[in-house]
Amino acid sequence: MKMKKITIIAGPCAVESEEQIIRIAKKLKKIGVDYLRGGAFKPRTKPSSFQGLGEKGIKYLLKAKEITGLPIVTELMTIEQVKKYADKIDIIQIGSRNMYNYELFKELKKYSKPVLLKRGFCATYNEWINAAKYISDGNNVILCERGIRSFDSSTRNVLDIQAIPFIKKNTDYKIFIDPSHSAGNNYMIEPMSLASVVAGCDGLIIETHDNPEESICDKEQAIDIDALKGIIDKIRKCEMINN
Ligand code: PEP
Ligand code: MN
């Protein structure tokens, strides 16, 4: 039986301090996470919300990488940020709100770096795939389904799990799932992660904090380290079903 390894990206919604990101990175490393996530530039809906530590946040992520060896994933929002940080980041995240920012994609194209392209929350598959093509036809672009807006506001968004077979059938891009921003709560993270793995996703990006209650942003959807460990253990068993 051929095993397919699911890539696990985990970490807090935002880098909150140097101590916080290093502490969490060490714990994530121990449970077998592949990449550390953490937002330094945060696209918040309200201007009064915490906007991220910016440049300092990138510096702290790089420090966490140096200490733990975990490669880093973080969002960049502008052409200037891409010029400045593209070479330092292992996977550049492009957020849902920027999925139509074609000028940003033309800049990204110059770097051939891995890019995690989140689906716009109202974007069709074709709009999303065409956005990816602006960046690259190659395998350095990973598509990330992070929930789409529906008529029902009981949950933050709705995870479109059908995106997995659609992207697999119609493109050569990898597809990752972000159950955190689709659910917007912590109790759906495990079932949605496992369902995504069985449906054939290539990776997961999961917001994880060692003290979710104290997360500066998106605390409702943050899971703790033990919960993530439980999910990873189950995923390693599911990986066999799929191949
Ligand atoms: C995030 O991953 O922190 C984020 C803001 O995601 P999205 O762009 O999917 O809302
Ligand atoms: Mn978040």
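In this text the structure is predicted, and so the values were computed from the model without any measurement.

Quick word on the packing of aromatic side chains
At step 1: In the structure shown here, the tally under the stated rule is five aromatic pairs.
At step 2: A ring pair is formed by Tyr 102 and Phe 105, whose centres lie 6.0 Å apart and whose planes are at 75°; its orientation type is edge-to-face. Taken as a pair, Tyr 102 and Phe 105 lie in helix α4 (residues 102–109) at a separation of three residues, close to a single helical turn.
At step 3: The partly exposed category is assigned to Tyr 102, whose relative accessible area is 30%.
At step 4: Between the aromatic rings of Tyr 102 and Tyr 134, the centroid separation amounts to 4.6 Å while the plane-to-plane angle is 25°, which identifies the pairing as stacked.

Observations concerning the coordination of the manganese ion (ligand 2)
At step 1: Bound to the manganese ion (ligand 2) on the protein side are Cys 13 (SG), His 181 (NE2), Glu 207 (OE) and Asp 218 (OD), at distances that span 2.0 to 2.4 Å.
At step 2: For the manganese ion (ligand 2), the donor residues sit on a single chain with the sequence spacing C-x167-H-x25-E-x10-D. Note that Cys 13 is positioned in the loop between β1 (7–11) and α1 (18–30) and Glu 207 in strand β8 (residues 203–207), a separation of 194 residues in sequence. Each member of the pair Cys 13 and Glu 207 is classed as buried.

Some remarks on the site of ligand 1
At step 1: Every residue lining ligand 1 is accounted for by Arg 37, Lys 42, Glu 75, Gln 93, Gly 95, Ser 96, Arg 97, Lys 118, Arg 146, His 181 and Glu 207.
At step 2: Within the side chain of Gln 93, one N or O atom sits 2.9 Å away from an oxygen atom of ligand 1.
At step 3: In the complex, 97% of the free accessible area of ligand 1, which totals 300 Å², lies under the protein chains.
At step 4: Residue classes in the shell around ligand 1 are distributed as no nonpolar, four polar and seven charged.

So, helix α5 (residues 125–135)
At step 1: Every buried residue belonging to α5 is among Tyr 125, Trp 128, Ile 129, Ala 131, Ala 132 and Ile 135, and all of these are buried. All buried residues of α5 fall inside an arc of 155° around its axis, so they share one side.
At step 2: Buried residues in α5 make contact with α4, β5 (115–118), β6 (141–145), α6 (163–170) and β7 (174–177).

Overview of the pairing of β8
In summary, the side chains of a regular strand alternate between the two faces of the sheet.
At step 1: Counting buried positions over the five residues of β8 gives five, a clear majority of the element.
At step 2: On β8, burial covers both faces: Gly 203, Ile 205 and Glu 207 on one face and Leu 204 and Ile 206 on the other are all buried.
At step 3: In this structure, β1 lies alongside β8, joined through five bridges in parallel fashion. Looking at β8, one finds that Ile 9 is bridged to Ile 205.
At step 4: Summarising the sheet, β7 and β8 pair through two bridges and their orientation is parallel. Note on β8: the bridge partner recorded for Phe 176 is Gly 203.

Side note on the sheet that holds strand β4 (residues 91–94)
At step 1: The strand order around the closed barrel built from eight strands is β1-β2-β3-β4-β5-β6-β7-β8, with neighbouring strands paired in parallel fashion. Ignoring strand direction, the axes of neighbouring strands in this sheet form an average angle of 25°.
At step 2: Contacts from α5 reach β5, β6 and β7, with the element oriented near 155° to β6.
At step 3: The sheet strands contacting helix α8 (residues 189–199) are β7 and β8, and the helix crosses β8 at an angle near 170°.

So, the packing of α5 against α6
At step 1: Remark: α5 packs on α6, axes separated minimally by 12 Å, with the N-to-C direction vectors making an angle of 50°. Regarding the angle of α5 to α6, the classification is oblique. Crossing hand, α5 versus α6: right-handed. For the pair α5 and α6, contact is made by Tyr 125, Trp 128 and Ile 129 and by Ala 163, Phe 166 and Ile 167, respectively.
At step 2: Residues of the contact of α5 with α6, tallied by class, amount to six nonpolar, no polar and no charged.

Analysis parameters
- Position numbers for residues count from 1 along each chain, tracking the sequence in the order it is written.
- As a convention, the first chain written is A and the first ligand written is 1, with the rest following in written order.
- For this predicted model, a pLDDT threshold of at least 70 governs which residues receive local features, and a threshold of 80 or more governs which side-chain atom pairs are given and counted, while totals over whole chains, interfaces and linings are taken from all residues.
- In computing side-chain properties, one takes all heavy atoms of the structure into account and sets aside hydrogens as well as water.
- Whether two aromatic rings pair depends on their centres lying within 6.5 Å, for rings of Phe, Tyr and Trp, where Trp uses its six-membered ring; planes under 30 degrees apart make the pair stacked, over 60 edge-to-face, and the rest tilted.
- Segments assigned H or I by DSSP are reported as helices when at least four residues long, segments assigned E as strands when at least two residues long, and all are numbered from the N terminus.
- Remark: exposure states derive from per-residue accessible area (1.4 Å probe, protein chains only) relative to the maximum for the residue type, with buried under 20%, exposed over 50%, and partly exposed in between.
- Sites may look incomplete because water is not among the atoms; the donors themselves are N, O and S atoms within 2.8 Å of the metal, or within 3.2 Å for Na, K and Ca.
- In this text, near means that some heavy atom of the residue lies within 4 Å of the molecule or strand in question.
- Counting of polar contacts relies on pairs of N or O atoms within 3.5 Å, with two restrictions inside protein: one atom must be capable of donating a hydrogen and the other of accepting it, and residues adjacent in sequence are counted only when both atoms are side-chain atoms.
- Working definition of accessibility: Shrake-Rupley area with a 1.4 Å probe, residue cover restricted to the visible protein chains.
- Just so you know the grouping, Ala, Val, Leu, Ile, Met, Phe, Trp, Tyr, Cys and Pro go in nonpolar, Asp, Glu, Lys and Arg go in charged, and all remaining residues, Gly too, go in polar.
- To be clear, the arc concerns the directions from the helix axis to the C-beta atoms.
- Working rule for contacts: check all heavy atoms of both residues, and any pair within 4.5 Å makes them a contact.
- Only when DSSP finds a minimum of two bridges between them are two strands counted as paired.
- To define axes, lines are fitted to C-alpha atoms, for helices over the stretch in contact only, and angles between the resulting N-to-C directions are given on a 0 to 180 degree scale.
- Angle categories are assigned with fixed cut-offs, so that under 35 degrees is roughly parallel, over 145 is roughly antiparallel, 65 to 115 is roughly perpendicular, and the rest are oblique.
- Crossings are sorted by hand: turned counterclockwise from the far helix by less than a right angle, the near helix makes the crossing left-handed, and turned clockwise it makes it right-handed.

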